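# Observations on the model geometry
Chain by chain, the residues run as shown.
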Amino acid sequence: MTDEKVFTISELATMFDISSRTIRYYEEIGMLTSENRDSLTKQRSYTNRERRRLKMILRGKKLGFSLQEIKEMIDLYELNPEGEAEKSRIIAFADSKLKEIEEQIMQLQMLREDILTYKEKYENSRVKT
């Protein structure tokens, strides 16, 4: 038997500054798994592996990936972290997200230019009156 650190749901929630409900949701959709609950307290417990998975989930969300994309990337990585096919698929996710971000940046730049044009137009019309 190993003496692996086990975390309660409230410890993980505090550690990552998220709600216990968020952790339960990730468990409901199959992204996390709790260990057998304590028979008296019914308290969920999570291994260090699940803590790492939660950290990857939250990092993926911060980077703008969908939960489905994050789940697939984590599953690929855990299946074979050194596999070329797995790495290629994860790189494809990153390339797709970068393309999406670049398109959003272009749209925001165009929106910025439109706003500046209208702002200048209204400022000029205000000065003439």
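Preceding this section is the structure that the text describes.
Here the structure is a predicted model, which is why all the values come from computation and not from measurement.

## Some remarks on unusual backbone geometry
- Positive phi values are uncommon outside glycine, yet Asp-17 reaches one of about 55 degrees.
- Along the chain, Asp-17 turns up in the loop between helix 1 (9–16) and helix 2 (20–28).
- Classification of Asp-17 by relative accessible area gives exposed; the value is 72%.

## Considering the layout of surface pockets
- Considered as a void within the structure, the largest pocket measures approximately 250 Å³ in volume.
- In terms of lining residues, the largest pocket is bounded by Met-56, Arg-59, Gly-60, Leu-63, Phe-65, Ile-70, Met-73, Ile-74, Tyr-77 and Ile-90.
- Listed by contribution, the elements that provide at least two residues to the lining of the largest pocket are helix 3 (48–62) and helix 4 (67–79).
- Among the elements that make up the lining of the largest pocket, the one with the highest residue count is helix 4 (four residues).
- Class assignment for the residues of the lining of the largest pocket results in eight nonpolar, one polar and one charged.

Parameters at a glance
- Residues numbered from 1 in each chain as written.
- Predicted model: local features only at pLDDT ≥ 70, side-chain atom pairs only at ≥ 80, totals over all residues.
- Heavy atoms only, no water.
- Helix = DSSP H or I, 4+ residues; strand = E, 2+ residues; numbered from the N terminus.
- Buried < 20%, exposed > 50% of the residue type's maximum accessible area, 1.4 Å probe, protein only.
- 1 Å grid on protein atoms, 1.4 Å probe; cavity = no way out; pocket = protein on both sides within 12 Å on 5 of 7 lines; lining within 4 Å.
- Points joined across faces, edges and corners; volume = space filled by probe spheres on them.
- Nonpolar A, V, L, I, M, F, W, Y, C, P; charged D, E, K, R; others polar.

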